[in-house]
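# Geometric and topological summary
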Amino acid sequence: MAYRNWLTAGAMCAIAFIAAAGGYFYSEKPTSADSRAMILPADPAPLVVVTKGGDRSFSIEVADTAAEREAGLMYRQDMADNHGMLFVFEVQQQVGFWMHNTPMPLDLIFVGQDGKIRAVKHGEPQSDAVISPGVPVRFVLELKAGTAARSGIEYGDLLRHPAVGTVSGPGMPPADNGDAPNGGGG
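Structure report, in brief. (Residues numbered from 1 in each chain as written. Predicted model: local features only at pLDDT ≥ 70, side-chain atom pairs only at ≥ 80, totals over all residues. Heavy atoms only, no water.)

## Brief notes about the packing of aromatic side chains
- All told, the structure shown has three aromatic pairs when counted by the stated rule.
- Measuring from centroid to centroid gives 5.1 Å for F87 and F97, while their planes differ by 90 degrees, and the two rings are edge-to-face. Here F97 lies in the loop between β3 (83-93) and β4 (106-111) and F87 lies in strand β3, a separation of 10 residues in the sequence.
- The class of F87 is buried, set by a relative accessible area of 2%.
- Their ring planes at 85 degrees and their centres at 6.3 Å tell us that F89 and F97 sit as a pair that is edge-to-face. Neither F89 nor F97 differs from the other in exposure class; each is buried.
- By the ring-pair criterion, three or more aromatic residues cluster together here, those being F87, F89, F97 and F110. (Phe/Tyr/Trp six-rings, centres within 6.5 Å; stacked < 30°, edge-to-face > 60°. Helix = DSSP H or I, 4+ residues; strand = E, 2+ residues; numbered from the N terminus. Buried < 20%, exposed > 50% of the residue type's maximum accessible area, 1.4 Å probe, protein only.)

## Re the sheet that holds β4
- Spatially, β5-β4-β6-β3-β2-β1-β7 is the arrangement adopted by the seven strands of the open sheet, whose pairing is mixed. Whereas interior strands pair on both sides, the edge strands pair on one side only; in this sheet they are β5 (117-123) and β7 (158-160). Each strand of the sheet is rotated relative to its neighbour by a mean of 30 degrees, with strand direction disregarded.
- Pairing geometry for β4 and strand β6 (residues 137-144), over six bridges, is antiparallel. Along β6, the bridge assignment pairs F110 with V140. (Pairing = 2+ DSSP bridges. Axes fitted to C-alpha atoms, helices over the stretch in contact; angles between N-to-C directions.)

## Some details on the pairing of β6
- Within β6, eight of the eight residues are buried, leaving the element largely enclosed by the surrounding structure.
- Of the pairings in the sheet, the one linking β3 to β6 comprises six bridges and is antiparallel in character. Paired with Q93 across the strands is V137, a residue of β6.

## A look at the environment of Q77
- Note on placement: Q77 falls in the loop between α2 (66-71) and β3.
- Assessed through its relative accessible area of 62%, Q77 is described here as exposed.
- Taking the C-alpha atoms as reference points, Q77 and P105, 28 residues apart in sequence, are found 9.9 Å from one another.
- Non-local contacts of Q77, meaning those with residues more than four positions away in its chain, are made with P103 and M104. (Contact = heavy atoms within 4.5 Å.)

## Some words on the pattern of salt bridges
- Under the definition given, this model contains six salt bridges.
- The salt bridge partner of R69 is E90, with a shortest N-O separation of 3.4 Å. With R69 in helix α2 and E90 in strand β3, the pair connects residues that are 21 residues apart, well separated along the chain.
- Residue classification places R69 among the buried residues on the basis of a relative accessible area of 16%.
- Note that D114 and R118 form a salt bridge whose closest N and O atoms lie 2.9 Å from each other. Neither D114 nor R118 differs from the other in exposure class; each is buried.
- Residues participating in the shared-partner salt-bridge network are D78, D81 and K144. (Salt bridge = Lys/Arg side-chain N within 4 Å of Asp/Glu carboxyl O.)

This is the structure we're talking about:
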């Protein structure tokens, strides 16, 4: 009888441990390993792109943690034309994006530490091809495909948002003399 109680107690402890571990590791915010879209709250401040044709304003979600940047717009089926996601990196660096598990075609706007656009690239849905600007950047803005062209957003334009400061420091790109790589985008 004592042996049976010991087995029952052991089984109950194992079940409790598994439930506790599951609760600890489960997160309400999906990651790229989940098959559901991550939706971050819209930032209260609009992101403004200063173009030759005037200012263009967007509502954005800010992905500024490694988990948020990893999940990005994966599994997102649709979003408003005036909405996007801003990826914020701790330091200016070479970055590469892909469209794995991303059903929407996107414009990827690569932005330097100074807030200036360094390249505009296009992402094909579900593609594993790496998309990179070829120069170090600090921010990447993802919008629905075609939004950059329709809005007149191009190389050299300036982004304004509290997350995009005009910070100077190591790794700053050289001044734009019209000869920067990937100028004019893709």
